Amino acid sequence: ITFFEINPTVVTYARRYFTYLRDAKATVKVILGDARIQMERQLKESYRGHYDVIVIDAFSGDSIPMHLLTMEALDLYGKLLKPGGVLAFHTSNMHLDIHFLVHNMATRLNLPAYLLESKSDLPREIYGSTWVMVTTNRELPRIPNVAQLIKKWPASHHKTIWTDNYGSILQLLK
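So, here is what we can say about the structure in this document.

Rules used throughout
Residues numbered from 1 in each chain as written. Predicted model: local features only at pLDDT ≥ 70, side-chain atom pairs only at ≥ 80, totals over all residues. Heavy atoms only, no water. Buried < 20%, exposed > 50% of the residue type's maximum accessible area, 1.4 Å probe, protein only. Helix = DSSP H or I, 4+ residues; strand = E, 2+ residues; numbered from the N terminus. Pairing = 2+ DSSP bridges. Contact = heavy atoms within 4.5 Å. Axes fitted to C-alpha atoms, helices over the stretch in contact; angles between N-to-C directions.

## Describing unusual backbone geometry
Positive phi, close to 60 degrees, is recorded for Ser46, a residue that is not glycine. Take Ser46: its relative accessible area is 66%, and that puts it in the exposed class. One non-glycine residue with positive phi stands out, namely Glu125, at about 60 degrees. With respect to the secondary-structure elements, Glu125 resides in the loop between β5 (113–118) and β6 (129–135). With a relative accessible area of 63%, Glu125 lands in the exposed category.

Take a look at the structure:
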């Protein structure tokens, strides 16, 4: 498992106050720095087709890193994935409809995109979330635990696609 983290304090706290990294049965690697820049370096270092799953989870705050949601970024992620791999975007956000942006970009690239939503159970302190899974793996959406979370894409007026040269959050405001 490789984590990309831009904030060194997050890594310090993760190691000091939590046991996930230390107790993982997998080999865990933490790479400090901007994820996209670090992934571009990996691509140059022959990491093409290296990952089974890439999870992009950086969009729940008020200020989202737009450069992780462009056509060029999606192309980079695809080059780092093994055939049949999965791009999983955590798109929960109180202010922006990020899931439509990911859907539009996947559609432009003729890639299947699945909307997954889990429900909140606030008495148990479980919060719902929204994810978009982009994959050419036809079996994955048929797995019962995954299939029960897949929702039909709602109708949208959003046709937004971001590139490294253009991106506007105004079109994604809820």
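Still more ground to cover, so stick around.
## Re the sheet that holds β6
The strand order across the open sheet built from 5 strands is β3-β4-β6-β5-β7, with neighbouring strands paired in mixed fashion. Both outer strands of the open sheet, β3 (51–56) and β7 (150–151), are each paired with one neighbouring strand and no more. In this structure, β3 lies alongside strand β4 (residues 81–90), joined through 5 bridges in parallel fashion. Within the sheet, the bridge partner assigned to Val53 lies in β4 and is Val86. Packed onto the sheet, helix α4 (residues 71–80) meets β3 and β4 and runs at close to 135 degrees relative to β4.

## Observations concerning the pairing of β6
The buried count for β6 comes to 6 of 7 residues, which makes it a mostly enclosed element. Pairing geometry for β4 and β6, over 5 bridges, is antiparallel. Within the sheet, the bridge partner assigned to Phe89 lies in β6 and is Val132. Bridge count between β5 and β6: 6 bridges; the pairing is antiparallel. For Leu116, the partnering residue across the bridge sits in β6 and is Trp131.

Function cannot be read off these values alone, since they describe shape.
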